[in-house]
Amino acid sequence: MRPPSRLGFAFVLTLCHGLKEHDFRKCKDTPFCSKHRAPPTHEWAVSSVSSAGGVLQALLLPPESWEQLPLRLTLSVLRTGAVRVHVDEDPELPLESLERADASVTKPAEWDDDMDGEWDAPQVALGRAVKSRFQPSHAFATADAATPSGNCEHQTPTPGDDRLRCSGFDGSVDVVEVRLRHAPLAVMVLDRDGAEVAVLNARGRLVFEPFRQARASESAESSAPEPHTFNSFTDPMTYGSSSVGLDIDFPLATHAYGLPERTVAHALPPTLGKEPYRLFNLDVFEYELDHPMTVYGSVPFLHAHGSHGSYGVLWLNPSETFVDIGCTETPPVGSEGSEGSDGAAGPVCSHWFSASGTIDAFIFSGPTPLEVTRQHAALTGVTPLPPLFALGYHQCRWNYRDEEDVSAVLAAFEEHALPFDVLWLDIEHTDSKKYFTWDSYKFPSPLRMQKELAHTGRKMVTIIDPHLKADDDYPVFKQATLIWQQTLPIPWAGGEDREGSPGTISTTHHAPHTAHHTPHITHHTSHTTHHAP
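Below or above, wherever it landed, is the structure these notes cover. (Residues numbered from 1 in each chain as written. Predicted model: local features only at pLDDT ≥ 70, side-chain atom pairs only at ≥ 80, totals over all residues. Heavy atoms only, no water.)

Regarding the overall build of the chain
What counts is decided by this rule: Only runs of H or I of at least four residues qualify as helices and only runs of E of at least two qualify as strands under DSSP, and these elements are numbered from the N terminus. Between two residues, a contact is recorded if the distance between any of their heavy atoms is within 4.5 Å. For the accessible areas, the method is Shrake-Rupley and the probe is 1.4 Å, while residue cover comes only from the protein chains on display.
Across its full length, the chain carries seven helices and 30 strands. Sequence separation of at least 24 residues holds for 67% of the intrachain contacts in the chain that already meet a minimum separation of 6. For the chain, the accessible area works out to roughly 27300 Å², and carbon and sulfur atoms hold 56% of it.

Right under this line is the structure:
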């Protein structure tokens, strides 16, 4: 038979190509991403610096702008030697000062006070007057993991230069100094020799957008935020854009690692002028190599390394996040390598921007990667030891048809003396995708099936995804609905039902919005993304 032509091979490869890039949002499809990548537009002024209990605080004042609010900067050095940089809206601002006339709506020229009544400008509520920012308060390994060191001294060697010098840590770091430069605003982390190991806002990328809620008057409507649509998904942007961002650079590092999971090189390539790294959990089972998109998980941790030591940053923000790596889009003439890429001369520059929340960054530094890992683990905890069987080979596919299919797979492995420790069943083993149930037709004897596996020393795992089928005859859904009503009375925007797989999540019966933030709930199966990707 004549061998297939090259054209035939190309056709087969085209059919096998699975990644549907148009289904996944990129920076150009995400308004806040494009906004943060634009050149900086203003500088922040530092005011009211104070220190107490090993914590340095300052008020950050924006330029004269009706829609920007003052921020509270908090700097502390933890007992482990890690540095915490936290930025949020100033909590001492009176609530009445956060409601202002909507400057984007002006009195019409044809308005006649005698005929139409006195002009009443529509209002805009900002920041805390709308709702508080979400902060992951239970994210640490222990209750005191983020406790500031008590052995710190506040120094002001010159006006406009405040320093927090701390000592007496565990591990290989003995002295850490944090410097707050007033103009232009920057935060530096220094080692015992005074070398800058990390610099924040050196490139003026600090952005903190307040919540914005339009409030109509009797005279006119306020200017409501524009909804954002991607493919068939629409975000109503009820409270406007509330993104935050900051640049974090490591002057002594030459390589950057981390931001898993993705398929790029171990040493992260630079992204300026290209697609940034996106941190957003997606169910991606079709992917390409050397592609910046996230594969399944997302961890907001970056590890930088160079001949002088190791450094790291944990960006504690659970909302959708983008990260740019690289200091300049075009390296200076005569420079070696490209910033942050494999074989680069450095430095390592990173730019983080998230859809909402606060800025809560933890900076780690030390002579070795081990020291960075020690400081990081002290915050988030160490990886627990898995059960022994979890370390073996796991056999899984979507999906084994029935019990006979499972028995045939087991028999084939036995026949060929191939080792495996665990067999997985995907969601099709359930009764109409109702988790914690079995399809009685395809899997009539699940106990017998599991005993058959156990007889050979193997175990079975049944997949359960983080959603429930909305069926009032399904006891698990009924119980979950009751718990939701009692503990989390938050409706979806508009109060409509939410469609997903395997069914509908009903929310029309929930109480009015009373909590600080609306949780992001994802509906997906193991192989299909059903939410706005």
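Here's the deal with the packing of helix 5 (residues 403-415) against helix 6 (residues 446-455)
How we decide: Orientation is described by axes fitted as lines to C-alpha atoms, over the contacting stretch for helices, and by angles from 0 to 180 degrees between their N-to-C directions. Oblique is the label for any angle not under 35 degrees, not over 145, and not in the 65 to 115 range, which are roughly parallel, roughly antiparallel and roughly perpendicular in turn. Each residue is assigned to one class: nonpolar for Ala, Val, Leu, Ile, Met, Phe, Trp, Tyr, Cys and Pro, charged for Asp, Glu, Lys and Arg, and polar for all the others, Gly among them.
At their nearest, the axes of helix 5 and helix 6 sit 11 Å apart, and the two run at 5° to each other. With respect to helix 6, the axis of helix 5 lies roughly parallel. Contacts between helix 5 and helix 6 pair Glu403, Val406, Ser407 and Leu410 from the former with Pro446, Arg448, Met449, Glu452 and Leu453 from the latter. The residue inventory of the contact of helix 5 with helix 6, partitioned by class, reads five nonpolar, one polar and three charged.

A few points about helix 6
Using the following cut-off: Exposure classes here rest on a 1.4 Å probe applied to the protein chains alone. A residue is buried below 20% of its type maximum, exposed above 50%, and partly exposed in between. What the arc covers is the set of directions going from the helix axis to the C-beta atoms.
Restricting attention to buried positions, one finds in helix 6 the residues Pro446, Met449 and Leu453. The buried side chains of helix 6 occupy one side of the element, clustering within an arc of 65° when seen end-on. Facing away from the buried surface of helix 6 by more than 90 degrees, the exposed residues are Leu447, Lys451 and His455. In this structure, the buried side of helix 6 is in contact with helix 5, strand 25 (422-425) and strand 26 (459-462). Gly457 lies just past helix 6 and shows a positive phi near 85°.

Quick look at the pairing of strand 11 (residues 196-200)
Note the following rule: By this definition, two strands are paired if DSSP reports at least two bridges between them.
For strand 11, the tally of buried residues reaches four of five residues, placing the bulk of the element in the interior. Relative to strand 11, strand 10 (residues 186-190) runs antiparallel, the two sharing four bridges. Of the residues in strand 11, the one forming a bridge with Val189 is Ala198. Counting the residues in the hairpin turn of strand 10 and strand 11 gives five residues, including Gly194, whose phi is positive at 85°. Where strand 11 and strand 16 (residues 244-250) come together, two bridges link them in antiparallel fashion. Residue pairing across strands places Leu200 opposite Ile248, the latter belonging to strand 16.

Considering the packing of aromatic side chains
The way to describe two aromatic rings as a pair is by their centre distance and the angle between their planes. We apply this condition: Two rings from Phe, Tyr or Trp (for Trp, the six-membered ring) form a pair when their centres are within 6.5 Å of each other. A pair whose planes differ by under 30 degrees is stacked, one over 60 is edge-to-face, and the rest are tilted. Look at NZ for Lys and CZ for Arg. If either is within 6 Å of the ring centre and within 35 degrees of the ring normal, a charge sits over the ring.
Tallied over the full model, the rule gives eleven aromatic pairs. A centroid spacing of 6.3 Å and a plane angle of 20° characterise the contact between Phe250 and Tyr311, whose relative ring orientation is stacked. Of this pair, Phe250 sits in strand 16 while Tyr311 sits in strand 20 (residues 309-315), and the two are 61 residues apart along the sequence. Residue class for Tyr311 comes out buried when judged on its relative accessible area of 2%. Centre to centre, the rings of Trp315 and Trp352 are 5.7 Å apart; their planes meet at 20°, and the pair counts as stacked. Here Trp315 is found in strand 20, whereas its partner Trp352 is found in strand 22 (residues 348-354), with 37 residues between them in sequence. Like Trp315, the residue Trp352 is buried in the burial classification. What links up through ring pairs into an aromatic cluster is the set Phe32, Phe322 and Phe353. Lying across the ring of Phe211, Lys131 places its NZ or CZ 4.9 Å from the centre. Over the ring of Phe211 we find Arg133; its NZ or CZ atom is 4.9 Å from the centre of that ring.

Some thoughts on the nonpolar core
To keep it simple, the criterion reads: Grouping buried Ala, Val, Leu, Ile, Met, Phe, Trp, Tyr and Cys residues that are joined through side-chain atoms within 4.5 Å yields what is termed a nonpolar core.
Judged by nonpolar contacts, the single largest core of 50 residues is most densely connected at Leu180, Ile248, Phe250, Leu302, Trp352 and Ile363. Other than its neighbours up to four places away in sequence, Leu302 contacts Phe250, Ala256, Tyr257, Leu259, Leu268, Tyr311, Gly312, Val313, Ile325, Ser350 and Trp352. Judged by nonpolar contacts, the second largest core, of twelve residues, contains Val409, Phe420, Leu423 and Leu453.

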